[in-house]
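Observations on the model geometry
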Amino acid sequence: MAIIDLANPTRFLSLVRVLLPWLTALCVASFAAGLYMSFFTAPEDYQQGDTVRIMYIHVPAAWLAMMCYSIMTLSSLGTLVWKHPLADVSAKAAAPLGAAFTFMSLVTGSLWGKPMWGTYWVWDARLTSVLVLFIMYLGLMALWRTMEDPIKAGKAAAILTLVGALNLPIIKFSVDWWNTLHQPASVMRMDGPTIHPDILWPLLVMAIAFTLLFVVLHLMAMRNEILRRRVRALRMRAAAARPAIARATVQAAE
Amino acid sequence: MTGWAGALLQREMRLAVRVGGGALIGVLFFLAVVTVVPFGMGPDLNLLARIGPAILWIGALLSTLLGLDRLFQADREDGSLDLVLMAGQPLELVVLVKCLAHWVATGFPLVAAAPVLAIFLNLDPVAIGAVTLTLLVGTPALTLIGAIGAALTVTLRRGGLLMAVLVVPLAIPVLIFGVSAADAAVSEPVPFLTPFLILCALTLIAAVVGPLAGAAALRFASD
């Protein structure tokens with residue numbers, strides 16, 4: 001099935017109906033495995049003790065926060081360049097998810113920062129740029145809500161998403177460019193990860209679980225958005241038909 | 001500059017100067033922001049001298065945001081935006097010319113007022129020169145980035161507040177490098193030129209991205 005076949009919302013909905021139970025089951029299974037590994041098999045850190053386990057939530061959430069925005073950027077290209085009808089549905093559905101993952105990584109990060117760095121918050125490059133990302137998600141959601149026509153709102157939001165995408169490389173490389181409190185990248189590196197496999201494996205399983213969670217929620221949100229738009233279209237059609245009915249009854253009474 | 005662009009520039013300038021003194025209200029607001037800070041922080045002159053460049057930059061950012069919602073909204077209300085769209089000139093250039101006129105009318109007065117306000121904040125002459133120079137280079141970037149937000153919210157009835165929320169995250173890099181260049185001129189370790197050149201680069205990037213995105217947003221808002 002080519003991606004252009006998915007342009008038909010009905011076909012997309014039936015595909016979602018088939019895929020969703022499997023993906024949900026897979027997501028629950030990988031969360032079970034990932035949580036078990038991160039709580040029981042992963043060793044304590046020799047310096048950080050049990051608090052290192054925050055990492056298994058914090059790091060995947062931070063990855064997802066950026067992946068969400070990347071998906072929104074691709075969807076915005078789909079809206080503006082190819083005018084794919086589901087692209088702006090995908091972008092709109094991803095925004096609240098991205099905001100939630102960003103919020104989760106900020107909260108878990110500050111909970112982890114308190115025992116490790118002695119403070120909940122510092123104005124370090126990575127933290128600040130993620131906070132900016134969070135504000136951008138909220139701004140995009142606000143823009144979507146203030147515009148009534150979903151097509152128009154989708155285009156406006158797509159432009160803003162693409163402009164904001166300039167922030168993504170800044171977040172990714174902020175820890176390498178500015179040497180501040182946050183530690184540099186240790187998993188996604190050119191010369192391979194620098195952390196021990198005992199910690200790396202639970203982290204990767206959790207990353208898969210989080211990604212599946214995102215996919216499941218994203219598909220659900222897209223389905224809801226399509227249905228919401230159908231309801232809107234039906235209501236508009238009903239509202240357009242009603243004056244004619246009223247006029248017809250008046251004429252019949254005369 | 002071709003004929004239509006010159007005419008558009010002239011029109012924008014006239015409107016900015018003649019309609020209700022709109023251009024200078026930004027400077028007045030700038031003065032108000034700078035006046036409020038010593039009341040909030042206490043009148044410690046050493047502290048004010050240290051954070052002076054930052055206060056001036058934040059004041060300039062807020063004043064720019066305040067004036068931006070008029071950039072396209074007024075033209076949309078009286079219908080001239082539609083005429084500009086239908087005139088068939090490249091919309092990116094139209095946005096660029098409008099930004100230029102808007103900056104000359106509202107941004108440049110801020111830059112001109114900065115040295116005077118800097119005296120209130122007890123800045124030494126080198127710092128005054130540095131902060132004025134960074135504002136001169138950086139405020140066009142604020143206007144150009146703001147044009148994106150102004151174009152996106154042009155159809156909304158109460159778009160001003162939303163515009164500020166959308167623009168501020170995009171303007172943060174300009175603020176960071178503007179302030180750090182002004183600070184670098186006074187206190188040693190980093191040379192002034194490094195952050196200053198990045199600030200110049202940000203303005204040039206904004207001169208490309210701003211008109212492109214703004215024009216696209218206006219096109220979508222019109223149909």
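Residues numbered from 1 in each chain as written. Chains lettered and ligands numbered in written order. Predicted model: local features only at pLDDT ≥ 70, side-chain atom pairs only at ≥ 80, totals over all residues. Heavy atoms only, no water.

**Considering the overall build of chain A**
Our working definition: Helix and strand labels come from DSSP, where a helix needs a run of H or I of at least four residues and a strand needs a run of E of at least two; each type is numbered from the N terminus. Buried means the residue's accessible area, taken with a 1.4 Å probe over protein chains only, is under 20% of the maximum for its type, while exposed means over 50%, and partly exposed covers the values in between. Contact definition: two residues touch when any of their heavy atoms are within 4.5 Å.
Of the regular secondary structure elements, chain A holds seven helices and zero strands. The linear arrangement of helices and strands in chain A, starting from the amino end, is α-α-α-α-α-α-α. Put simply, chain A has 254 residues, and 43% of those count as buried. Taking as baseline every contact in chain A between residues at least 6 positions apart, the subset at least 24 positions apart corresponds to 76%.

**Observations concerning the pattern of salt bridges**
Residue and element names in this part refer to chain A. The condition that has to hold: Whenever a carboxyl oxygen of Asp or Glu lies within 4 Å of a side-chain nitrogen of Lys or Arg, that contact is scored as a salt bridge.
For the coordinates displayed, the defined rule picks out ten salt bridges over all chains. Taking the shortest distance from any N to any O, the salt bridge between Glu 225 and Arg 228 comes out at 2.8 Å. One end of the pair is Glu 225 and the other is Arg 228, both in helix α7 (residues 197-253) and three residues apart, which spans about a single turn.

**Digging into the UniProt feature "transmembrane region" (unreviewed entry) in chain A**
Residue and element names in this part refer to chain A. Keep this limit in mind: UniProt positions are given in the numbering used here, feature names are shortened, and annotations may be inferred rather than shown by experiment.
Mapped onto the present numbering, the UniProt feature "transmembrane region" (unreviewed entry) falls at residues 12-37, 57-82, 94-113, 125-144, 156-179 and 199-222. As annotated, residues 57-82 comprises 100% helix and 0% strand, and the C-alpha atoms at either end are separated by 36 Å. For the annotated span residues 199-222, helix accounts for 100% and strand for 0% of the residues, and the straight-line distance between the end C-alpha atoms is 34 Å.

**Looking at the nonpolar core**
The criterion, for reference: Residues belong to one nonpolar core when they are buried, are Ala, Val, Leu, Ile, Met, Phe, Trp, Tyr or Cys, and are joined through side-chain atoms within 4.5 Å.
Leu 143 of chain A together with Phe 30, Leu 56 and Phe 72 of chain B are the most contacted members of the largest nonpolar core, which has 129 residues in total. Here the element with the most residues in this core is helix α7 (residues 125-152) of chain B; it accounts for 14 residues. Discounting chain neighbours no more than four positions away, the residues touching Leu 143 of chain A are Ala 156, Ala 157 and Leu 160 of chain A together with Leu 152, Leu 162 and Leu 166 of chain B.

**A few points about the UniProt feature "transmembrane region" (unreviewed entry) in chain B**
All names here are of chain B. Here the UniProt-annotated "transmembrane region" (unreviewed entry) positions come out as residues 21-41, 47-72, 93-121, 127-154, 161-180 and 192-218. Strand forms 0% of residues 93-121 and helix 97%; the C-alpha atoms that close the span are 39 Å apart. End C-alpha atoms of residues 192-218 are separated by 38 Å, and the span's content is 96% helix alongside 0% strand.

**Topic: unusual backbone geometry**
Phi at Lys 83 of chain A is positive, roughly 55 degrees, even though this residue is not glycine. Secondary-structure assignment places Lys 83 of chain A in the loop between α2 (55-82) and α3 (87-117). Even without being a glycine, Asn 122 of chain B presents a positive backbone phi close to 65 degrees. Within the fold, Asn 122 of chain B resides in the loop between α6 (91-120) and α7.

**A word on the packing of helix α4 (residues 125-146) of chain A against helix α8 (residues 159-186) of chain B**
To keep it simple, the criterion reads: Lines fitted to the C-alpha atoms define the axes, with helices restricted to the stretch that makes contact. Angles between their N-to-C directions range from 0 to 180 degrees. Here is the rule for angles: anything less than 35 degrees is roughly parallel, anything more than 145 is roughly antiparallel, 65 through 115 is roughly perpendicular, and the remaining ranges are oblique. Here a crossing is called left-handed whenever its near helix is offset anticlockwise from the far helix by less than a right angle, and right-handed whenever the offset is clockwise. For this classification, Asp, Glu, Lys and Arg are treated as charged, while Ala, Val, Leu, Ile, Met, Phe, Trp, Tyr, Cys and Pro are nonpolar and the rest, including Gly, are polar.
The contact between α4 of chain A and α8 of chain B brings their axes to 9 Å, and the two run at 150 degrees. By the angle between their axes, α4 of chain A is roughly antiparallel relative to α8 of chain B. Handedness of the α4 of chain A/α8 of chain B crossing: left-handed. Two secondary-structure elements touch here, α4 of chain A through Val 132, Ile 135, Met 136, Gly 139, Leu 140, Ala 142, Leu 143 and Thr 146 of chain A and α8 of chain B through Leu 162, Val 165, Leu 166, Pro 169, Leu 170 and Ile 172 of chain B. When grouped by side-chain class, the residues that make up the contact of α4 of chain A with α8 of chain B number twelve nonpolar, two polar and no charged.

**Observations regarding a nonpolar patch on the surface**
Filter applied, for reference: Two distance rules govern patches: like charges are joined within 9 Å, and nonpolar side chains (Val, Leu, Ile, Met, Phe, Trp, Tyr) within 5 Å, applied only to residues with over 30% relative accessible area and no salt bridge. Throughout, the Shrake-Rupley method with a 1.4 Å probe supplies accessible areas, and for residues the shown protein chains are the sole cover considered.
Taken together, Leu 35, Tyr 36, Phe 39 and Phe 40 of chain A make up a surface patch of nonpolar side chains, about 470 Å² in accessible area. The topology assignment puts Leu 35 of chain A in helix α1 (residues 9-41).

**Examining the interface of chain B and chain A**
Keep this limit in mind: Two parts lose some accessible area (1.4 Å probe) when they are put together, and adding that loss for both gives the buried area. Under the rule applied, a polar contact is a pair of N or O atoms within 3.5 Å (in protein, one hydrogen donor and one hydrogen acceptor; residues adjacent in sequence only if both atoms are side-chain atoms).
Taken together, the contact between chain B and chain A spans 18 residues of the former and 19 residues of the latter. Between chain B and chain A, roughly 1500 Å² of surface is buried when both sides are summed, and carbon and sulfur atoms account for 87% of that area. Inspection of the chain B/chain A interface yields zero salt bridges. Counting across the interface, chain B meets chain A through zero residue pairs in polar contact (both at pLDDT 80 or more). Ranked by residues supplied to the side of chain B that touches chain A, first place goes to α8 of chain B with seven residues. Of the residues that constitute the side of chain B that touches chain A, the class distribution is 16 nonpolar, one polar and one charged.

**What about α3 of chain A?**
All names here are of chain A. Basically, it comes down to this: By this rule, a helix spans an expected 1.5 Å times one less than how many residues it contains. Bending is quantified residue by residue as the angle between axes fitted to the seven-residue window ending at that residue and the seven-residue window starting at it.
Spanning 31 residues, α3 covers 41 Å between terminal C-alpha atoms, matching the ideal 45 Å at 1.5 Å per step. Along its length, α3 shows its largest kink, about 30 degrees, at Ala 95, and proline Pro 96 lies within four residues downstream of that point. One or two steps after α3, the chain reaches Gly 118, where phi turns positive at roughly 85 degrees.

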